[in-house]
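Secondary and tertiary structure notes
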Amino acid sequence: MTPESIRQVIIDILTGLDPDSTVKLSSMDDNQPFREQLELDSMDFLDIVLELRKRFRIQVPEGDYGELVTMSSTVTYLEPLLSEVQES
């Protein structure tokens, strides 16, 4: 998967959590923490991790959760894990 396709998957997951967040997501700064830009709580964050596991059959160890703070850090973290995943 390309970085842009990974970014789109993350946006799709975030939209699923809050369908009304489309405007916020379209103007999101990829280098700012999700929590500063969106109204996410710890349960929302866990939902993101679970959705990644469900969609791609990957495990994100709890110790790596800090890598999923911003869009850019999330894409950077997921890119090697998803390098073998075929885009649909």
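Residues numbered from 1 in each chain as written. Predicted model: local features only at pLDDT ≥ 70, side-chain atom pairs only at ≥ 80, totals over all residues. Heavy atoms only, no water.

Moving on, we come to the overall build of the chain. When helices and strands are tallied, the chain shows five helices and zero strands. Shown N-terminal to C-terminal, the secondary structure of the chain runs as helices and strands in the order α-α-α-α-α. Taking 88 residues into account, the globule formula puts the C-alpha radius of gyration at 12 Å, and the chain, at 12 Å, falls close to it. Considered along the principal axes of its C-alpha atoms, the chain spans approximately 30 × 25 × 20 Å. Scored against the burial criterion, the 88 residues of the chain give a buried share of 35%. (Helix = DSSP H or I, 4+ residues; strand = E, 2+ residues; numbered from the N terminus. Rg over C-alpha atoms; globule rule 2.2 N^0.38 Å. Buried < 20%, exposed > 50% of the residue type's maximum accessible area, 1.4 Å probe, protein only.)

Quick look at the nonpolar core now. Counting 25 residues, the largest nonpolar core has Leu14, Phe34, Leu52 and Leu78 as the members making the most contacts within it. Mapped by element, the contributors of at least two residues to this core are helix H1 (3-17), helix H4 (42-56) and helix H5 (71-81). The biggest single contributor to this core is H1, with six residues. (Core = buried A, V, L, I, M, F, W, Y, C linked by side-chain atoms within 4.5 Å.)

Phi is positive for Arg57, close to 55°, though the residue is something other than glycine. Structurally, Arg57 can be placed in the loop between H4 and H5. Residue Arg57 is classed as exposed on the basis of its relative accessible area of 76%.

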